[in-house]
Each structure stands twice: as structure tokens, then as C-alpha cells.
Amino acid sequence: MKVLVPVKRVVDYNVKVRVKQDQTGVELENVKMSMNPFDEIAVEEALRLKENNVATEVIAISIGSTQVQETIRNALAMGADSGIYVNCEKRLEPLIVAKILASVIKKVNPDLVIMGKQAIDDDMNATGQMLSGLLGWSQATFASKVEVVDKKLKVSREIDDGIEHLEITLPGIITTDLRLNEPRYASLPNIMKAKKKPIEEINVDTLNVDLNQKLEILKVEEPAKRDAGIIVKSVDELIEKLKNEAKVI
Ligand code: AMP
């Protein structure tokens, strides 16, 4: 079973993002970038499938400008076998990413795609679902557990009412939730080994994908500042404040 894992380069989750002065987006100059955390979970899950002899090959793919190759190298250092770098300088949105992925998938023929449920920069939570629609493949989103039984995937999902258990057939798409696993750190020897692993480069223009944007970002604003909290000394004081200051009880 061949597994493809799309990985996105995003602002590191520890960085306090700053909105650009012209409000067109957030500052990316001199900011630490990392693999989207949900994609690290996706890489980890694919590697575990390989270690359990379910998957035979794990391929990481990233779309963007030249720096996204670092993110592919991170996936290779975690243990992925090879990478695909789709060179695209244009601003990407979920439908375009899904179309590019669908086009590459037709060439690479993976049995399974494991990807993040959302990228923490734009919080779109849409690419996996769109990809499944474009390909007509089964999908299980927000997976918190994945098991392979008789070439079918049993996927658990945490929903408001409890845990939902789904079964999907292959080829299929899984999007990862936070509790699926804890991703491994790349060891130094594996970081060195990853330097020799192959990354195939594809220029987006060869994929015949419509790159015209359907979404326009009008303005990006800082969230409204919140007042600092206070520490109360007793439950009585808390109740008094909730009653008389916040007036919520
Ligand atoms: P989103 O729908 O934008 O929240 O992203 C969901 C998932 O799509 C991410 O967790 C990645 O797995 C994948 N993805 C989004 N953008 C890219 C990209 N530029 N390159 C590779 N994968 C991506």
C-alpha cells in the first residue's frame, strides 16, 4: 500500500504572529516556519502503517515556493521514503491545492492519502474534503484512531456525542485530528540519511490545473485586545463577581 502525505510549511505554532502593516496578511519575514502540526501527525501515522507492514511506501508532498522543500526534508528525516515538491509561487487556497494534489495523485497512484485536518495558518479545514470530492474517493475526516482490517480502514472520530466508528474502502483519504498519535522527533542519523533521499520536482505549469483564485482576502486584522484576568481569593468572591460585575448568574 502506497501512502501519500501532503505536508504544509506554516508559521511555527510557538510564534506570536503579527499582522502586516498593510493588513494583507501576517509577517513571514524572519519568522520560524515548521511543518503544520496536523501534517506531522499524518506523517507519523503513515510511518506506523509502514512499520506494521500495512504500508509499503510513504511519500511526502508539498506545494509552494522553494523553501517548502525543507518541510519535505523534515518528513524524510522522520522516515518517509521519498518526496514530491510541486513548485508553485502563486498564492494557494484549498481548491487549488486539492486540484494540484488530485493531478499528482493520478500519476503517483497512492492507495491512501493521510493529511492534516487543517493548516494552522489559514484554518481552512477544507483541502482533504475537496480532494476526496474531486477524486470521488472515500474520506474519513478528523481521525483519532486508524486500523486496517481486510484492506478496509476502520477510523474513529471524536464527535460531540462520543466516538464515531467509520469503515472506508480504499483508495481513500484520512484527515488527522490531534489525538491520533504523538509524532516522533527526527534523530540526527535520520536527518543525515534524509539528505540523500530523493525529492522529485514538478513544475505546477505541467499539471494543467486552473490556478485562478476563487477567494480574495479583503483584510487581516489583529483580534480585539482582551482585558487581563484577575485571580479571586475565594468561591464567594467569584460568585459575587459573576453576579454583580459580569452579571452572568
Ligand atoms: P487546509 O484545508 O488549508 O486547512 O489544509 C488541510 C491540509 O491540506 C493540510 O494539513 C495539509 O495536509 C494539506 N495542505 C494544505 N496546503 C498544502 C500545501 N501547500 N502543500 C501540501 N499540503 C497542503
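Structure: see above.
Residues numbered from 1 in each chain as written. Predicted model: local features only at pLDDT ≥ 70, side-chain atom pairs only at ≥ 80, totals over all residues. Heavy atoms only, no water.

### Description of the packing of helix H3 (residues 94–108) against helix H4 (residues 127–135)
Where H3 contacts H4, the two axes come as close as 8 Å, and the packing angle between them is 50°. The orientation of H3 relative to H4 falls into the category oblique. The two elements H3 and H4 meet at a crossing, and its hand is right-handed. Packed against H3, whose contacting residues are Pro94, Leu95, Val97, Ala98, Lys99, Leu101, Ala102, Ile105 and Lys106, the element H4 presents Thr127, Met130, Leu131, Leu134 and Leu135 at the interface. (Axes fitted to C-alpha atoms, helices over the stretch in contact; angles between N-to-C directions. Helix = DSSP H or I, 4+ residues; strand = E, 2+ residues; numbered from the N terminus. Parallel < 35°, antiparallel > 145°, perpendicular 65-115°, else oblique. Left-handed = near helix turned anticlockwise from the far one by under 90°. Contact = heavy atoms within 4.5 Å.)

### Considerations on the site of the ligand
Around the ligand, 18 residues are found, and the nearest of them are Asp39, Ala119, Asn125, Ala126 and Thr127. Interatomic distance of 3.4 Å between a backbone N/O atom of Met124 and an oxygen atom of the ligand. Separating an oxygen atom of the ligand from a backbone N or O atom of Asn125 is a distance of 2.8 Å. About the coverage of the ligand: the protein hides 98% of its 490 Å² of free accessible area. Listing elements by their share of the shell around the ligand, those giving two or more residues are strand E4 (57–64) and strand E6 (112–116). Residue contributions to the shell around the ligand peak at 3 residues, all from E4. (Near = heavy atom within 4 Å. Polar contact = N/O pair within 3.5 Å; in protein donor to acceptor, adjacent residues only side chain to side chain. Areas by Shrake-Rupley, 256 points an atom, 1.4 Å probe, with all protein chains shown as cover.)

### Things to note about H3
Taking 1.5 Å of rise per residue, the 15 residues of H3 would be expected to cover 21 Å, and the 20 Å separating its terminal C-alpha atoms lies within 8% of that figure. Burial analysis of H3 places 11 of its 15 residues in the buried class, the great majority of the element. Inspection of H3 places Pro94, Ile96, Val97, Ala98, Ile100, Leu101, Ala102, Ser103, Val104, Ile105 and Val108 among the buried residues, and these make up the whole buried set. Looking at the buried residues of H3, the elements they touch are strand E1 (2–6), E4, strand E5 (82–87), E6, H4 and strand E11 (199–203). Phi turns positive one or two residues past the end of H3, at Asn109, with a value near 55°. (Expected span 1.5 Å × (residues − 1). Buried < 20%, exposed > 50% of the residue type's maximum accessible area, 1.4 Å probe, protein only.)

### Remarks on the side chain of Ser34
Among the secondary structure elements, Ser34 is positioned in strand E3 (residues 33–35). Of note is the side chain of Ser34, whose polar atom sits 2.5 Å from the side chain of Asp12. Among all residues touching Ser34, those that are not within four sequence positions of it are Lys8, Arg9, Val10 and Asp12.

### Here we look at the pattern of salt bridges
All told, the structure shown has 15 salt bridges when counted by the stated rule. Between Asp177 and Lys117 there is a salt bridge, with the nearest N and O atoms lying 3.1 Å from each other. Of the two residues, Asp177 is situated in the loop between strand E10 (172–176) and helix H5 (188–194) and Lys117 in the loop between E6 and H4; the sequence distance between them amounts to 60 residues. Across the salt bridge formed by Lys214 and Asp210, the nearest N and O atoms sit 3.8 Å from each other. (Salt bridge = Lys/Arg side-chain N within 4 Å of Asp/Glu carboxyl O.)

### Quick word on the pairing of strand E7 (residues 138–149)
Alignment of E7 against E10, held across 4 bridges, turns out to be parallel. Along E10, the bridge assignment pairs Gln139 with Ile173. In this sheet, strand E8 (residues 152–159) lies alongside E7 in antiparallel orientation, the contact comprising 6 bridges. The residue of E8 that forms the bridge with Val146 is Val155. (Pairing = 2+ DSSP bridges.)

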